[in-house]
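Chain by chain, the residues run as shown.
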Amino acid sequence: RNGECGIGKSSRYIAPTVLNFFSLNLMKTEKVVKIIAFKNNSIALTTTGCIYTWGKNEHGECGLGHLNRVLDPTLVHFSN
């Protein structure tokens, strides 16, 4: 409902659903090695160390610099 499924829609899902984002957008050498799912947000870690977040983001928990809902996995950029 708040994008926590990461499939680009805010609909409710009651069955496991493939996250096509990762198969369509990651480099062929990069794979998701871990997904952490919270109540309203999710985080994915890839083999190259990239972090993707998505979900409600009401308090900025996605770490993207805004408070908008994030419906698709979005790369978190870190500053030095």
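First things first, this report covers the structure right here in the doc. (Residues numbered from 1 in each chain as written. Predicted model: local features only at pLDDT ≥ 70, side-chain atom pairs only at ≥ 80, totals over all residues. Heavy atoms only, no water.)

1. A look at the pattern of salt bridges
Here comes step 1: Scanning all chains against the criterion turns up one salt bridge.
Here comes step 2: Here Glu-58 and Lys-56 are joined by a salt bridge, their closest N and O atoms 3.7 Å apart. (Salt bridge = Lys/Arg side-chain N within 4 Å of Asp/Glu carboxyl O.)

2. What about the pairing of strand β2 (residues 41-46)?
Here comes step 1: In terms of strand pairing, strand β1 (residues 32-37) meets β2 through five bridges, oriented antiparallel. Across the sheet, the residue bridging to Ile-36 is Ile-43, located in β2.
Here comes step 2: Between β1 and the antiparallel strand that follows it, β2, lie three residues.
Here comes step 3: For β2 and strand β3 (residues 51-55), the ladder comprises five bridges, and the chain directions are antiparallel. By the bridge assignment for β3, Asn-41 is matched with Gly-55.
Here comes step 4: Here β2 folds back onto β3 in antiparallel fashion, the turn holding four residues, of which Gly-49 has a positive phi close to 90°. (Pairing = 2+ DSSP bridges. Helix = DSSP H or I, 4+ residues; strand = E, 2+ residues; numbered from the N terminus.)

3. Quick look at the pairing of β3
In the case of a regular strand, side chains alternate between the two sheet surfaces.
Here comes step 1: Taking burial as the measure, the five residues of β3 include four buried ones, the bulk of the element.
Here comes step 2: In terms of strand pairing, β3 meets strand β4 (residues 70-75) through three bridges, oriented antiparallel. Residue pairing for β4: Gly-55 is matched across the bridge by Val-70. (Buried < 20%, exposed > 50% of the residue type's maximum accessible area, 1.4 Å probe, protein only.)

4. Comments concerning the side chain of Glu-30
Here comes step 1: With respect to the helices, strands and loops of the structure, Glu-30 is situated in the loop between α1 (20-25) and β1.
Here comes step 2: Among buried charged residues, Glu-30 stands out as having no salt bridge; its nearest opposite-charge side chain is Lys-31, 9.6 Å away.
Here comes step 3: There is a polar contact of 2.8 Å between the side chain of Glu-30 and the side chain of Thr-46.
Here comes step 4: At a separation of 2.7 Å, a polar atom in the side chain of Glu-30 contacts the side chain of Thr-48.
Here comes step 5: For Glu-30, the residues in contact, after removing those within four places along its chain, are Thr-46, Thr-47, Thr-48, Cys-50 and Tyr-52. (Lys, Arg positive; Asp, Glu negative; His and termini not counted. Polar contact = N/O pair within 3.5 Å; in protein donor to acceptor, adjacent residues only side chain to side chain. Contact = heavy atoms within 4.5 Å.)

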